[in-house]
Amino acid sequence: MMKREEMMLGKILKKYRLERSALVPILQDIQAEYSYLPEPVLRQISREMKIPLTEVVGVATFYKSLSLIPRGRHHLQVCLGTACHVRGAPRVLEEVERHLCVCAGQTTKDGEFSLGTVNCVGACALGPIVIVDGKYHGKMSALKTSALVKKTMRGG
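Residues numbered from 1 in each chain as written. Predicted model: local features only at pLDDT ≥ 70, side-chain atom pairs only at ≥ 80, totals over all residues. Heavy atoms only, no water.

Chemist: Could you give an account of the packing of helix H2 (residues 23–34) against helix H3 (residues 39–49), naming the residues involved and the relevant values?
Modeler: Relative placement of two packed helices is described by the angle separating their axes and the distance separating the axes. H3 packs onto H2 with a crossing angle of 150° between their chain directions and a minimal axis gap of 12 Å. Between H2 and H3, the angle is such that the two are roughly antiparallel. For the crossing formed where H2 meets H3, the hand is right-handed. Here Leu23, Ile26, Leu27 and Ile30 of H2 lie close against H3, whose contacting residues are Val41, Leu42, Ile45 and Met49. (Axes fitted to C-alpha atoms, helices over the stretch in contact; angles between N-to-C directions. Helix = DSSP H or I, 4+ residues; strand = E, 2+ residues; numbered from the N terminus. Parallel < 35°, antiparallel > 145°, perpendicular 65-115°, else oblique. Left-handed = near helix turned anticlockwise from the far one by under 90°. Contact = heavy atoms within 4.5 Å.)

Rendered as structure tokens:
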């Protein structure tokens, strides 16, 4: 692990006083710092907190908001819950994948965009839903999705 990572991790662990119950907030803080959970950092958490690495990785992979692979600067999610699905979410997802040239769960080669799916965002009446950097866009169609992705790619 590099010096910067060690300092950052030390600061986060000190903040939570190495309390086992703080594992999720610790992982969230690291995720916020790096946009993913680097393996060397997870190993260090395991050592410092005296928690088996398998348990640390188990928690990291349980929560969808945490990622073991680098995420892009922009994060797009498509809801595939039942209401969104029957209203065309699979086609919306295909459109996003086509524009970004990645499949769900991947990040573009330039590191700008990550694409994910969620099972339900609780806004069923607005489905299909596309979430871009935390902002919800409802009643999406392939055409609307295409315009939204193009706008996001331009930085708009």
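Chemist: Just give me the short version of the pattern of salt bridges, but keep the residues and values in it.
Modeler: Inspection of every chain in the model, using the stated rule, returns eight salt bridges. Measuring nitrogen to oxygen at the nearest pair gives 3.2 Å for the salt bridge that ties Lys15 to Asp29. Placement of Lys15 in helix H1 (residues 3–15) and of Asp29 in helix H2 is noted, with a sequence separation of 14 residues between them. On the accessibility criterion, Lys15 (52% relative accessible area) is exposed. For Asp29, a relative accessible area of 22% corresponds to the partly exposed category. (Salt bridge = Lys/Arg side-chain N within 4 Å of Asp/Glu carboxyl O. Buried < 20%, exposed > 50% of the residue type's maximum accessible area, 1.4 Å probe, protein only.)

Shape descriptors only; they carry no functional weight alone.
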